[in-house]
Number of protein chains: 2
Amino acid sequence: MNLYPQQLRLQCRNGEFNGHTSGYCNGYAQANLIVLPKALASDFEDLCFRNPVPCPLLTKVINKKDVADKRIIKTSDFDLTTDLPKYTVYRDGELVETKTDITEEWDDEDHVGFLIGCSFSFENELATNGYKPKHQKEDSNVLMYLTTKYLNAAGVFVKCPYVVSMRPFKTEDIDQVRNISRPFKKTHGEPIDWGYDAVARLGIKDLQNPEFGAPIEIADDEIPVFWACGVTPQAAVQAMVKMQKV
Amino acid sequence: MNLYPQQLRLQCRNGEFNGHTSGYCNGYAQANLIVLPKALASDFEDLCFRNPVPCPLLTKVINKKDVADKRIIKTSDFDLTTDLPKYTVYRDGELVETKTDITEEWDDEDHVGFLIGCSFSFENELATNGYKPKHQKEDSNVLMYLTTKYLNAAGVFVKCPYVVSMRPFKTEDIDQVRNISRPFKKTHGEPIDWGYDAVARLGIKDLQNPEFGAPIEIADDEIPVFWACGVTPQAAVQAMVKMQKV
């Protein structure tokens, strides 16, 4: 079912949709949302500017209905606090609640929203071209790892880990997989590295034990292929909160 | 002596200046030049887009007198092949010659120039604010290291090392040093990491044996501070040439 973005957003607002958006709205960019206090906004923007592959900032949302870049959301009938399927609420870096709107939590005076490009965008294109990622076939969540590759520091965001997602592909398909994902410049683009030697380069401890997502089998004729992951900005904010507590 | 950029460029063109530009033209951005065959231009631009901190692309130069972004060089009286103090000519990734103009080498049909932001820009600002980098005081070249932090792959540019420069500063000065260099967004900006624990994070083998530049003493009350280095794009091109030869 290929909905227009505004159709799906209205379904979210009306409580008719609160699921996973993978596979929806083909041909449109998908986004992750992060909401932060205004005091952190400038440093966070700088973090994105300095690390555009794992933190591809699509646009800021200055008050809940005001998207800075109108090319990203082309309607004035938009509300950041209701138009996404589900929200996770963190306090002091800890998950406290999952809800279908954040009208109560949002504070126009103190909050800024950031829409970050999401890999669902290029996954659809891979699938369409006959390179459906294995986790999609198995209907599981993509594997994600913390790496020892750190982000370029920016303001309060220091020592933040670069998170990668992994999708196994056949060695002979790597060129095509790279070519298909490359044009998705604002949603992580092409893989950052691949092959078993990339595991050491990225400092991944155990390929069979991802930090997020379910393990997946890598066949003998396949190799692991690593993309920058949209979980990175969230991990950065959590690392920052943790560091401020110390 | 604080020359205007065009004054210094004309001195280069007329053979009156062929030295090091550190400390010249305060308040203006300094640039490194890379010239590549057109076939590599798109992948190289993508490499810069995906790694803006070590590879901050200021502008392309499409033919030797045509700067793509006129804000970067604000005169039509510009010639890429004569207006820089010195050029190093590489063939198949190996340095073959150093000369003061490349009018013979340049091919308008096949070459594209890339101007890359250079750290001389923020070094001046540090010095002006009382944080003169130690290598400037000792009149030596800044220390540079190859790291095990790799660039985000882009087209033919895979497994390219992230090169960092190092300047020692006192621990209590780090915040100020970060604040002063941060606004230089197109010339590497703030440090990417610092402290002795950063040496391991960056995979630097031996702090006393930099890959480029002369070693420098780090006093007991100082720590090493690492910035992204403008040698990175050149190292990337050399890594790519080496890989194509294999």
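Remember, it's a predicted structure, so these values are computed and weren't measured experimentally.

Q: Any chance you could explain the overall build of chain A here in plain terms?
A: Counting its regular elements, chain A contains 7 helices and 10 strands. Against the globule reference of 18 Å for 246 residues, chain A gives a C-alpha radius of gyration of 18 Å, in line with a compact fold. Taken over 246 residues, chain A has a buried fraction of 54%. Put simply, of all contacts in chain A between residues at least 6 apart along the chain, 70% involve residues at least 24 apart. Carbon and sulfur atoms provide 48% of the accessible area of chain A, an area that totals close to 11,600 Å². Charged side chains of chain A number 28 positive and 35 negative; the gap between the two group centres comes to 4 Å.

Q: Would you mind showing me how to read empty space enclosed by the protein here?
A: Any empty space left between the atoms is revealed when a probe the size of a water molecule rolls over them. Taken as a whole and judged by the stated rule, the model has 5 cavities of 30 Å³ or more. Taken as a whole, the largest cavity holds about 100 Å³ of empty space. Lining the largest cavity are 15 residues, and of these Asn51(A), Asn152(A), Tyr162(A), Asn51(B) and Asn152(B) lie nearest its centre. Looking at the lining of the largest cavity, the elements with two or more residues in it are β7 (143-150) of chain A together with β7 (143-150) of chain B. Of the residues in the lining of the largest cavity, the class split is 7 nonpolar, 4 polar and 4 charged.

Q: Can you help me understand the pattern of salt bridges in this one?
A: Opposite charge on two side chains allows them to pair when their charged atoms are near. The full count for this structure, using the stated rule, is 29 salt bridges over all chains. For Lys134(B), the salt bridge goes to Glu222(B), with nearest N and O atoms at 2.7 Å. Of this pair, Lys134(B) sits in helix α4 (residues 134-137) while Glu222(B) is found in strand β10 (residues 222-228), placing the two residues 88 residues apart along the sequence. Of the two residues, Lys134(B) and Glu222(B), neither departs from the other in class, the shared state being buried. Among the charged side chains, a salt-bridge network with shared partners connects Lys159(A), Asp193(B), Asp197(B) and Arg201(B).

Q: What exactly am I supposed to notice about the interface of chain A and chain B here?
A: Interfaces are often described in size by the accessible area the parts lose on coming together. With 28 residues of chain A at the contact, the number on the chain B side is 28 residues. Interface area, chain A with chain B, both sides summed: about 2,300 Å², of which 49% is carbon and sulfur. Looking at the side of chain A facing chain B, the largest losses of area belong to Phe49(A), Arg50(A) and Arg201(A), adding up to 23% of the total buried there. Inspection of the chain A/chain B interface yields 4 salt bridges. Here Asp197(A) ties to Lys159(B) by a salt bridge, and the two come within 3.4 Å at their closest N and O atoms. Between chain A and chain B we count 16 residue pairs in polar contact (both at pLDDT 80 or more) in total.

Q: Help me understand the relation of the copies chain A and chain B in this model?
A: Each of the two copies of the chain can be brought onto the other by a rotation about an axis and a shift along it. Its rotation angle being 180 degrees, the transformation that places chain A on chain B also includes 0.0 Å of axial translation and leaves an RMSD of 0.0 Å. Such a turn and shift between the copies fits a two-fold axis. Rotation axis and chain A: the residue whose C-alpha lies nearest the axis is Lys149(A), separated from it by 2.9 Å. A share of 100% of interface residues in chain A that are also interface residues in chain B marks the association as one of identical surfaces.

Q: What should I look at first to understand the packing of aromatic side chains in this one?
A: The geometry of two aromatic rings is summed up by the distance between their centres and the angle between their planes. Tallied over the full model, the rule gives 12 aromatic pairs over all chains. Where Tyr145(B) meets Phe226(B), the ring centres are 6.2 Å apart and the plane angle is 70 degrees; that geometry is what we call edge-to-face. With Tyr145(B) in strand β7 and Phe226(B) in strand β10, the pair connects residues that are 81 residues apart, well separated along the chain. Neither Tyr145(B) nor Phe226(B) differs from the other in exposure class; each is buried. Chaining the aromatic ring pairs together yields one cluster made of Phe44(A), Phe114(A) and Phe157(A). The ring of Trp227(A) carries Arg167(A) above its face, with NZ or CZ at 4.9 Å from the centroid. The ring of Tyr150(A) carries Arg201(B) above its face, with NZ or CZ at 5.8 Å from the centroid.

Q: Is there a simple way to explain a negative patch on the surface in this structure?
A: Residue and element names in this part refer to chain A. A surface patch of like charges, here negative, comprises Glu138, Glu172, Glu217, Asp220 and Asp221. Among the secondary structure elements, Glu217 is positioned in the loop between α6 (196-201) and β10 (222-228). In this structure Glu217 comes out as exposed when scored by relative accessible area, which is 63%.

Q: Help me understand the sheet that holds strand β3 (residues 66-67) of chain A, please; the structure alone is not making it clear to me.
A: Two modes of strand pairing occur in sheets, parallel and antiparallel, and in both the strands are linked by backbone hydrogen bonds. Residue and element names in this part refer to chain A. Overall, antiparallel pairing links the 4 strands, which are arranged β1-β6-β2-β3 in an open sheet. Both edges of this open sheet fall to β1 (31-37) and β3, since each of them pairs with a single strand only. Bridging between β1 and strand β6 (residues 111-117) involves 7 bridges; their strand directions are antiparallel. From the neighbouring strand, Val35 faces β6, where its bridge partner is Gly113.

Q: Would you mind going over unusual backbone geometry with me for this structure?
A: For residues that are not glycine, phi is negative in most cases, and the peptide bond is trans in most cases. All names here are of chain A. A positive phi is found at Cys25, a non-glycine position, where the angle reads about 55 degrees. Inspection of the secondary structure puts Cys25 in the loop between α1 (5-13) and β1. Residue Asp92 is not a glycine yet carries a positive backbone phi of 50 degrees. One can find Asp92 in the loop between β4 (87-91) and β5 (94-99).

Definitions and cut-offs
- Residues numbered from 1 in each chain as written.
- Chains lettered and ligands numbered in written order.
- Predicted model: local features only at pLDDT ≥ 70, side-chain atom pairs only at ≥ 80, totals over all residues.
- Heavy atoms only, no water.
- Helix = DSSP H or I, 4+ residues; strand = E, 2+ residues; numbered from the N terminus.
- Rg over C-alpha atoms; globule rule 2.2 N^0.38 Å.
- Buried < 20%, exposed > 50% of the residue type's maximum accessible area, 1.4 Å probe, protein only.
- Contact = heavy atoms within 4.5 Å.
- Areas by Shrake-Rupley, 256 points an atom, 1.4 Å probe, with all protein chains shown as cover.
- Lys, Arg positive; Asp, Glu negative; His and termini not counted.
- Charge placed at Lys NZ, Arg CZ, Asp CG, Glu CD.
- 1 Å grid on protein atoms, 1.4 Å probe; cavity = no way out; pocket = protein on both sides within 12 Å on 5 of 7 lines; lining within 4 Å.
- Points joined across faces, edges and corners; volume = space filled by probe spheres on them.
- Nonpolar A, V, L, I, M, F, W, Y, C, P; charged D, E, K, R; others polar.
- Salt bridge = Lys/Arg side-chain N within 4 Å of Asp/Glu carboxyl O.
- Buried area = accessible area lost by both parts, 1.4 Å probe.
- Polar contact = N/O pair within 3.5 Å; in protein donor to acceptor, adjacent residues only side chain to side chain.
- Least-squares fit on C-alpha atoms with pLDDT ≥ 70 in both.
- Phe/Tyr/Trp six-rings, centres within 6.5 Å; stacked < 30°, edge-to-face > 60°.
- Lys NZ or Arg CZ within 6 Å of the ring centre and 35° of its normal.
- Patch = residues over 30% accessible without salt bridge, like charges linked within 9 Å, V, L, I, M, F, W, Y side chains within 5 Å.
- Pairing = 2+ DSSP bridges.

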